[in-house]
Amino acid sequence: GMKFTIVGAGSSYTPELLDEMGMRKEQLPVKEIMLYDIDEKRLGIMEGFCQRFAKKLGLDVEIRATTSLDKALYGADFVDTQIRVGGNKQRVKDEKIPLRYNLVGQETTGAGGMMKAFRTIPVMLEIAEKMEELSPNGWLINYTNPTGLVTEAVTRYTNANIAGFCSGGIFPKMWAKRALGIPYEQVQYDYMGLNHMNFISNITIDGRPVTEAEFEKIAAQNDDVDLELIKLLGVIPSPYLQWYYHTNEKVAMFKAAPKTRGEYVQELEKDVYAAYADETNCEKPKALAKRGGGGYSEVAMGFVNAVYNNVDTKMVVNVPNKGAVSFLPDSAVVEVGCLVNKTGMQPLHVTEVPSMCWGLVAAVKNYEQLAVEAAVEGDVRKMKLALLAHPLVRQWEYVEKLVPELLEANKEYLPQF
Ligand code: G6P
Ligand code: MN
């Protein structure tokens with residue numbers, strides 16, 4: 001049987017993984033689910049709920065909880081990581097500090113995203129290093145953001161097997177289903193770039209290229225980027241491109257908003273955890289649907305099925321480039337379509353790079369590689385270089401002021417600096 005470990009199991013997303021296991025119970029013999037968290041209260045709530053939920057789903061599985069990382073990782077076949085170092089409290093700082101300078105304040109993008117990487121990478125390296133010893137054949141399925149930087153750090157500095165994911169990999173399938181009622185299996189596309197910095201092209205339905213009208217209907221589902229702009233590009237950018245293509249507008253909008261996304265999520269979580277804690281409840285709370293990470297469990301379990309049952313599956317994964325994206329270094333972790341099976345994943349060659357996007361992708365990768373090195377080495381000079389390389393920061397007047405402020409706001413979580 002399979003041991004499936006969830007690191008950061010106190011997260012409200014945990015039951016979605018069980019839900020997906022329930023749907024796949026014929027194909028995936030999960031015998032043990034090990035819940036791990038450093039937050040005992042949330043872990044306790046989640047353990048109780050998962051016991052009730054598993055029974056309701058008819059899952060024949062042993063669910064255990066631990067605050068020992070060693071116990072959690074020992075002998076695990078799959079380790080799903082979904083941690084948030086410093087919690088949403090630190091996320092709010094990632095959002096607010098850059099905004100004060102009229103810069104994008106976001107948990108994975110820009111200077112805020114870099115600080116999230118700095119807090120997270122040391123912890124993720126510890127998990128990966130322990131896996132080298134305790135579960136050397138296991139797979140680390142990473143959903144911890146910023147997933148591209150985390151995956152690059154783990155692949156560069158450890159020998160753990162890691163696959164980095166984002167629910168964005170199936171967004172075009174979700175959009176096509178919503179817009180045209182077409183099931184996932186019939187929709188294919190090329191996917192090129194980095195996590196939260198990517199472009200979707202050559203969309204086909206049952207192997208035939210989409211018509212212009214279909215393209216527009218699918219594109220219109222991405223409501224963060226202007227539809228006229230998407231039509232002009234001819235390819236669909238990740239919703240996160242809103243921060244690059246509509247920078248001034250979005251910064252103004254978020255400055256004027258009464259709350260940041262992180263503050264909103266903190267409030268939402270009060271209801272979500274109250275529902276999970278209710279011992280008479282065995283339904284996923286409705287408010288969960290208001291979170292952005294929906295769909296991630298589907299991708300995670302799709303990966304488990306591909307690897308465990310050796311089923312060739314095309315999936316979008318964060319993997320070392322190895323030539324897939326011609327204009328990026330081989331060591332760069334990229335988010336691209338891959339063929340996944342028991343041997344792991346192989347990036348599919350990107351045949352056509354959409355014009356006018358490669359400069360942006362290369363610039364952000366340049367930032368990411370410097371940020372990963374700064375995160376591992378605790379190097380303030382590299383931190384400054386990373387921000388200078390970032391298209392959303394770039395100017396020295398910002399870098400000079402931001403660096404001390406960001407370090408101060410995160411000092412409890414940056415042992416490496
Ligand atoms: C999307 C992104 C995830 C991110 C999430 C945020 O799904 O792909 O990387 O974590 O949104 O959702 P939240 O509800 O925390 O704002
Ligand atoms: Mn994501």
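The coordinates are above.
Small disclaimer: the values here were computed from a predicted structure and weren't measured.

Cut-offs and rules
- One numbering rule holds for all chains: residues counted from 1, following each sequence as written.
- Chain A is the first chain written and ligand 1 is the first ligand written, with later ones labelled in order.
- Restriction of local features to residues with pLDDT of at least 70 applies here, the model being predicted, together with a cutoff of 80 or more for giving and counting side-chain atom pairs; totals for whole chains, interfaces and linings are based on all residues.
- Derived side-chain values reflect all non-hydrogen atoms in the structure, with water molecules and hydrogen atoms excluded from consideration.
- Only Phe, Tyr and Trp rings take part, Trp by its six-membered ring, and two of them pair if their centres are within 6.5 Å. Stacked means planes under 30 degrees apart, edge-to-face means over 60, and tilted covers everything else.
- Helix and strand assignments come from DSSP, with helices taken as H or I runs of at least 4 residues and strands as E runs of at least 2, each series counted from the N terminus.
- Each residue's exposure class comes from its accessible area (1.4 Å probe, protein chains only) as a fraction of the maximum for that residue type: buried when under 20%, exposed when over 50%, partly exposed otherwise.
- Only when the NZ of Lys or the CZ of Arg is both within 6 Å of the ring centre and within 35 degrees of the ring normal is a charge said to sit over the ring.
- A strand pair is defined by DSSP finding two or more bridges across the two strands.
- Crossovers are described as right-handed under a simple rule: with the strands pointing away from the observer, the path leading from the first strand over the helix to the second runs clockwise.
- In this analysis the probe radius is 1.4 Å and the grid spacing 1 Å, with only protein atoms considered; a cavity is a set of points the probe fits into but cannot get out of, a pocket is an open set with protein on both sides within 12 Å along at least five of seven lines, and lining residues have an atom within 4 Å of a point.
- Grid points are joined across faces, edges and corners, and a volume is the space filled by probe spheres set on the points.
- Residues are sorted three ways: Asp, Glu, Lys and Arg are charged, Ala, Val, Leu, Ile, Met, Phe, Trp, Tyr, Cys and Pro are nonpolar, and all the rest, Gly among them, are polar.
- Exposure above 30% relative accessible area and the lack of any salt bridge qualify a residue for a patch; like charges then connect within 9 Å, and the nonpolar side chains Val, Leu, Ile, Met, Phe, Trp and Tyr within 5 Å.
- We get accessible surface area from the Shrake-Rupley algorithm with a probe of 1.4 Å; when it comes to residues, only the shown protein chains can shield them.
- For salt bridges, the criterion is a side-chain nitrogen of Lys or Arg within 4 Å of an Asp or Glu carboxyl oxygen.
- Listed donors are limited to N, O and S atoms within 2.8 Å of the metal, widened to 3.2 Å for Na, K and Ca; water is not among them, so incomplete-looking sites are possible.
- Between two residues, a contact is recorded if the distance between any of their heavy atoms is within 4.5 Å.
- For the purposes of these results, a polar contact is taken to be a pair of N or O atoms within 3.5 Å, where, inside protein, one atom must be able to donate a hydrogen and its partner to accept one; residues adjacent in sequence count only when each atom of the pair is a side-chain atom.
- Asp and Glu count as negative and Lys and Arg as positive, but His and the ends of the chain are not part of the count.
- A charge is said to be at NZ when it belongs to Lys, at CZ for Arg, at CG for Asp and at CD for Glu.

A. Inspection of the packing of aromatic side chains at higher detail. Counted according to the given criterion, the structure contains 12 aromatic pairs. Ring geometry for Trp 243 versus Phe 254: centroids 5.1 Å apart, planes at 55°, classification tilted. With Trp 243 in helix 10 (residues 242-245) and Phe 254 in helix 11 (residues 247-256), this pair connects stretches of sequence that are 11 residues apart. Overall, the relative accessible area of 28% leaves Phe 254 in the partly exposed class. Pairwise contacts between aromatic rings join Tyr 13, Trp 139, Tyr 143, Phe 165, Tyr 296 and Phe 303 into one cluster. Taking NZ or CZ as reference, Lys 177 lies 5.4 Å from the ring centre of Tyr 184, over its face.

B. Region of the structure containing the pairing of strand 3 (residues 62-66). Two strands pair when backbone bridges link them, and strand 2 (residues 30-36) and strand 3 are joined in this way by 5 bridges, in the parallel orientation. Residue Tyr 36 lies in a different strand from strand 3, and its bridge partner there is Thr 66. Handedness of the β-α-β unit built from strand 2, helix 2 (residues 40-57) and strand 3 comes out right-handed.

C. Expanded view of empty space enclosed by the protein. Applying the stated criterion across every chain, the model contains 2 cavities of 30 Å³ or more. The calculated volume of the largest cavity comes to roughly 130 Å³. Secondary-structure elements contributing two or more residues to the lining of the largest cavity are helix 6 (147-157) and helix 14 (358-377). Counted by class, the lining of the largest cavity contains 6 nonpolar, 8 polar and 1 charged residues. Space inside the second largest cavity adds up to approximately 60 Å³. Considering the residues around the second largest cavity, the lining is formed by Cys 166, Gly 168, Phe 171, Trp 175, Tyr 191, His 196, Asn 198, Ile 200, Ser 238, Pro 239 and Tyr 240. If you list the elements that add at least two residues to the lining of the second largest cavity, you get helix 7 (171-180) and strand 8 (197-205).

D. Molecular detail of a nonpolar patch on the surface. A contiguous nonpolar patch, built from Leu 385, Leu 388 and Trp 396 and spanning about 250 Å² of accessible area, is present on the exposed surface. In this fold, Trp 396 is placed in helix 16 (residues 396-409). You can call Trp 396 partly exposed: its relative accessible area is 43%.

E. Local environment of the coordination of the manganese ion (ligand 2). Listed as protein donors to the manganese ion (ligand 2) are Cys 166 (SG) and His 196 (NE2); their distances from the metal cover 2.2 to 2.4 Å. In this pair, Cys 166 sits in the loop between strand 6 (161-164) and helix 7 while His 196 sits in the loop between strand 7 (187-194) and strand 8, placing the two residues 30 residues apart along the sequence. Its relative accessible area of 14% is what places Cys 166 among the buried residues.

F. Up close: unusual backbone geometry. The step from Asn 145 to Pro 146 runs through a cis peptide bond, and the omega angle for that step is -5°. The residue Pro 146 is located in the loop between strand 5 (139-142) and helix 6 in this model. Although it is not a glycine, His 196 adopts a positive phi angle of roughly 60°. Its identity as a non-glycine residue notwithstanding, Asp 206 has a phi of 55°, on the positive side.

G. Structural context of the environment of Thr 5. Along the chain, Thr 5 turns up in strand 1 (residues 2-7). Remark: the alpha-carbon pair of Thr 5 and Val 317, spanning 312 residues in sequence, is separated by 20 Å. Excluding residues that lie within four positions of it along the chain, Thr 5 makes contacts with Met 34, Ala 72, Ala 76, Phe 78, Val 79 and Asp 80. Looking at Thr 5, its side chain comes within polar contact range of the main-chain oxygen of Ala 72, at 2.8 Å.

H. Examining a negative patch on the surface more closely. Residues Glu 126, Glu 129, Glu 132 and Glu 133 make up a contiguous surface patch of negative charge. As for its placement among the helices and strands, Glu 126 is situated in helix 5 (residues 110-134). By relative accessible area, which is 40% here, Glu 126 ends up partly exposed.

I. Representation of the side chain of Asp 80 in the model. Checked against the element boundaries, Asp 80 lands in strand 4 (residues 78-81). At 2.9 Å, the side chain of Asp 80 forms a polar contact with the side chain of Tyr 296. Asp 80 has contacts with Phe 4, Thr 5, Ile 6, Val 7, Leu 17, Ile 141, Tyr 143, Tyr 296 and Ala 300, leaving out every residue within four places of it along the chain.

J. Here's a closer look at the pattern of salt bridges. In this structure the tally under the stated criterion is 25 salt bridges. Between Asp 70 and Lys 130 there is a salt bridge, and its shortest N-O distance comes to 2.6 Å. With Asp 70 in helix 3 (residues 69-73) and Lys 130 in helix 5, this residue pair connects regions lying 60 residues apart in the sequence. For Asp 70, a relative accessible area of 36% corresponds to the partly exposed category. Classification of Lys 130 by relative accessible area gives partly exposed; the value is 24%. Residues Arg 156 and Glu 152 are paired through a salt bridge, measuring 3.0 Å at the closest nitrogen-oxygen approach. Residue Arg 156 and its partner Glu 152 are both found in helix 6; the two are separated by 4 residues, about one turn of the helix. Classification of Glu 152 as buried rests on a relative accessible area of 0%. What emerges from the salt-bridge pattern is a single network uniting Glu 152, Arg 156, Lys 365, Glu 368, Glu 373, Glu 377 and Lys 382.

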